[in-house]
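The primary structure of each chain is shown beneath.
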Amino acid sequence: MRKRDHNVLTNAASLLVCGLLAGVVVAAAAFPAVAMSGLAAKAGAETFGALPTELTVARAPQISYLLASDGKTPLATMYDENRRDVKLPDISVPMQKAIIAAEDHDFYKHNGVDINGVARAFVNNQSEGSGGRQGASTLTMQYVRLAIAYSATHPADVVAATEDTSARKLREMRLALQVDKEFSKDEILTRYLNLASFGNGAYGIYAASQVYFGKPPSKLKIEEAALLAGMVKAPTTNDPTTELGYPLALDRRNYVIQNMVDIKAITQQEADAAKAVELKVKDKRTPNGCVAANVNEWGFFCDYFYRWWLDQETFGSTRYDRERRLKSGGYNVVTSIDIQAQRAADKAVRKAKSVNSKEAAMVAVIEPGTGRVRALAVNRQFKLDDPKNPKNKISSDPAKSKKKIRGNYPATVNPLLTGGDGITGYQAGSTFKMFTIVAALEKGIPLGHTINAQKQFRSEYIIRPGPAACPGTNLYCPTNSTESMAGVHNMWSAFGRSVNTYFVPLQQQVGAENVVKAAKRLGINFRSEEDLTLEKGAHQWGAFTLGVSQTTPLDLANAYATLAADGKFCEPIPVQEIRDPEGNKLDIANPRCEKRFSTEVARAAVDAARCPVGDRSSSTRCAGATAPNVRGDVGYPVAGKSGTTDSEKTAALVAMTKQYAVAGIMADPDWPQTNVKMKHAEKDGINPPVWETLRDAMKGKPKMQFEPPGQKISEGDQRSIPDVKCISVEQAKSRLKGAGFEPTVSSAKVPSSCKAGEAAGTSPDGRTIKGGVVTIEVSSGGGTPGNTNGTPGGQPARPGGRPNG
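Here's what I pulled together on the structure shown here.

Cut-offs and rules
Residues numbered from 1 in each chain as written. Predicted model: local features only at pLDDT ≥ 70, side-chain atom pairs only at ≥ 80, totals over all residues. Heavy atoms only, no water. Core = buried A, V, L, I, M, F, W, Y, C linked by side-chain atoms within 4.5 Å. Buried < 20%, exposed > 50% of the residue type's maximum accessible area, 1.4 Å probe, protein only. Helix = DSSP H or I, 4+ residues; strand = E, 2+ residues; numbered from the N terminus. Contact = heavy atoms within 4.5 Å. Pairing = 2+ DSSP bridges. Axes fitted to C-alpha atoms, helices over the stretch in contact; angles between N-to-C directions. Salt bridge = Lys/Arg side-chain N within 4 Å of Asp/Glu carboxyl O. Disulfide = S-S within 2.5 Å.

In terms of nonpolar packing, the biggest core is built from 100 residues, with W309, F435 and I578 touching the most fellow members. It is helix α13 (residues 299-310) that provides the largest number of residues to this core, a total of nine residues. The contact partners of F435, leaving out residues within four places of it in the chain, are V515, A518, A519, L522, I524, F544 and A559. If you look at the next biggest cluster of nonpolar residues, it comprises 58 residues, including F213, L227, A274 and L279.

The following block contains the structure:
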């Protein structure tokens with residue numbers, strides 16, 4: 001702290017006079033008859049000299065600002081007290097002069113204590129019939145009082161700092177003298193203006209100028225400054241926003257304006273002009289918290305940020321401490337919300353479903369390679385339903401409906417998109433097949449790995465007897481959505497068509513526990529008790545690959561984003577930059593990433609994921625798509641997957657580019673066992689909100705291609721297929737087995753020059769993956785040879801069929 005030069009004799013005189021006055025004041029309070037005795041003066045001087053001279057000054061609570069990723073668009077403000085410290089050059093000269101005119105004419109003349117004023121106050125207060133008590137508090141003494149109150153660590157200390165006693169006055173005087181030595185007058189003035197209360201939740205001059213005039217303090221005019229300066233003495237009484245306070249505030253304003261003439265801060269002409277200005281105030285209290293976000297729909301993102309902050313130990317050892325830091329620490333937070341993406345998502349989900357719909361259309365957008373959450377949207381209003389005048393609909397859950405319990409629509413503050421507070425997530429269906437692909441690739445099984453997918457697969461997973469079990473057994477036996485989906489598939493075609501009876505045997509081959517681990521490494525979190533229990537016996541979690549566990553749109557988007565980022569996992573984070581009140585950047589805002597999968601595995605997985613959304617992989621091995629329009633509608637290289645659960649209780653879609661991963665889930669958060677069928681491609685399904693969000697979020701961004709995987713992880717160990725033409729089927733099977741392939745016989749017969757019943761050829765022919773399925777084509781005999789050489793490029797023939805999701 002900077003010291004000013006003081007006249008030693010003046011300071012000594014001030015101390016002596018204050019000491020003598022202290023004795024008189026104390027004596028007058030206790031023994032009025034001896035108030036003017038020499039004994040009282042001597043005792044007072046000794047007592048005053050023993051008073052503390054060190055003022056502990058804690059930083060007063062400061063408002064924290066949340067901005068969008070552009071660093072300009074306001075998202076929300078959070079505070080215990082609406083205050084933002086400013087420097088003196090940021091406060092208009094009229095405001096500086098007005099507060100002196102209102103509170104302390106001799107501020108720049110005295111040494112912290114106005115001796116003449118103290119004497120006048122004493123004489124006045126001792127006179128019978130005087131017109132009222134005088135305080136004689138200088139601006140410096142008022143600053144001391146505020147500083148003591150804000151530095152107090154116990155409620156009793158706050159009371160002691162503001163009680164109307166002689167002891168408090170003496171302590172203020174002693175400390176004011178010391179403060180006047182340690183700080184310049186301008187510093188004291190600045191500190192006072194930053195601490196003072198101006199009513200209506202405005203603390204400090206910055207907040208006051210915003211609340212009452214909607215402008216920074218540097219722009220305050222004479223009449224505006226005079227109004228604010230006149231309020232500090234009694235902000236509630238002189239409140240210009242109330243009917244009773246308005247005339248009092250106007251009188252006080254004009255009084256201060258005239259005082260500004262008295263101290264020669266302005267001319268009488270300027271004063272008359274200022275008094276003639278009609279008193280108008282905005283009464284615009286600064287919004288506080290996520291329920292008062294700049295845009296209501298952004299409240300869900302704001303709430304995610306708030307919950308994230310409370311989990312960061314950097315800001316305190318307890319959640320209470322962290323909340324206090326957020327609401328009083330004066331942080332400038334540039335969040336990760338992308339206005340373009342957020343507006344696109346908000347528009348898309350409300351286009352699909354209204355806020356009054358029980359179905360929640362939820363969309364999350366995340367940036368691969370950083371983990372920054374760019375948008376969170378749902379067709380809900382972010383607010384609490386008023387219990388005294390509830391507007392929410394009765395819950396769709398029959399059990400709650402009978403009790404007239406209201407649901408979470410149209411208004412809620414629950415973290416529907418991110419989980420927590422009882423929100424465990426929603427089933428995402430076949431989007432989870434991606435995790436089986438990743439686990440298989442890590443085991444060295446290539447994309448070209450073929451399986452002869454049956455109409456129903458008899459697995460080794462033990463479950464309770466029921467519809468999902470083979471008749472008369474306790475073995476899990478999944479089927480496809482249509483029987484025509486059966487046939488030979490590789491990962492490209494099986495993922496594109498969403499073939500259940502391909503992925504369950506593939507999961508069984510690599511180990512369900514390894515698929516579960518892959519999902520967790522990609523960012524899937526288990527929150528429900530059922531999922532946590534099943535995870536403990538993950539080797540028997542047969543239906544996991546079909547997406548029966550619960551997840552959130554945010555987790556799902558991040559899992560796919562990890563693959564788009566070449567296997568680099570990043571913790572979802574809602575911030576880009578955090579600065580403390582001094583302007584220092586905090587490292588807590590930096591991305592938290594680590595390499596969890598090899599680049600080749602990630603690129604191969606993405607290669608397969610281009611098939612379901614109508615794109616073409618580098619190897620052009622796609623066949624079929626569950627959301628074929630996405631590539632054309634988005635207009636960028638895309639990858640992703642759709643997902644549907646039993647009875648279509650939920651619907652999901654992931655679509656991503658290299659820059660953004662978007663995951664959407666449609667479900668009923670109030671009643672997961674809903675009897676409403678969730679839709680996909682229809683205009684009120686989940687697909688349009690996902691691809692429309694991605695399309696609009698990507699506008700103006702460069703097209704980036706997904707890097708193709710290497711040949712080995714795509715095709716595996718390629719071997720030549722032996723010639724089996726015109727030999728018996730049994731001989732053909734034996735020859736193929738001997739060459740290391742898995743033979744299967746086609747049920748259909750083809751015309752060929754071979755005898756009827758003999759092998760007419762294979763599909764594929766030429767070369768294919770070691771251990772892959774090779775289908776023996778059976779001759780119908782007596783005809784011109786047809787296409788018995790398999791499909792182009794070794795692609796296995798597959799019938800069409802309705803996708804599983």
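Additional details are given in the paragraphs that follow.
On to the sheet that holds strand β2 (residues 74-78), then. Taken together, four strands build an open sheet; the order of strands is β2-β1-β3-β13 and the sheet is mixed. If you trace the sheet from one side to the other, it starts and ends with β2 and β13 (575-579), each paired once. Between one strand axis and the next, the sheet turns through 15° on average, direction left out of account.

Pairing in this open sheet of three strands is mixed, and the strands run β19-β22-β20 from one edge to the other. The open sheet has two edge strands with one neighbour each: β19 (742-750) and β20 (759-763). Pairwise comparison of adjacent strand axes, ignoring direction, gives a mean angle of 30° for this sheet. Sheet analysis places β20 next to strand β22 (residues 773-779), joined by four bridges and oriented antiparallel. The partner of S763 across the bridge, within β22, is T775. Each of β19, β20 and β22 touches helix α27 (residues 729-738); the most contacted strand, β22, lies at about 160° to it.

For the coordinates displayed, the defined rule picks out 40 salt bridges. Here D684 and K353 are joined by a salt bridge, their closest N and O atoms 3.8 Å apart. One end of the pair, D684, is in the loop between β17 (661-667) and α25 (687-697); the other, K353, is in the loop between α15 (339-352) and β4 (360-366), with 331 residues separating them in the sequence. We classify K353 as buried; its relative accessible area is 11%. Overlapping salt bridges, with partners in common, bring together D80, E323, R324 and K327 in one network.

What follows covers the state of the cysteines. Under the definition given, this model contains five disulfides. Covalently, C470 is tied to C477 through a disulfide, its sulfur atoms 1.6 Å apart. Judged by the sign of its S-S torsion, about -105°, the cystine formed by C470 and C477 is left-handed. Taking the relative accessible area as the measure of exposure, C470 reaches 8% and is therefore buried. Among the residues examined, C477 registers a relative accessible area of 3% and is labelled buried. A disulfide bridge connects C611 with C622, and the sulfur atoms are separated by 2.1 Å. Taking the torsion about the sulfur-sulfur bond, which here is approximately -75°, the covalent link between C611 and C622 counts as left-handed. With C611 in the loop between α23 (599-609) and α24 (630-634) and C622 in the loop between α23 and α24, this pair connects stretches of sequence that are 11 residues apart.

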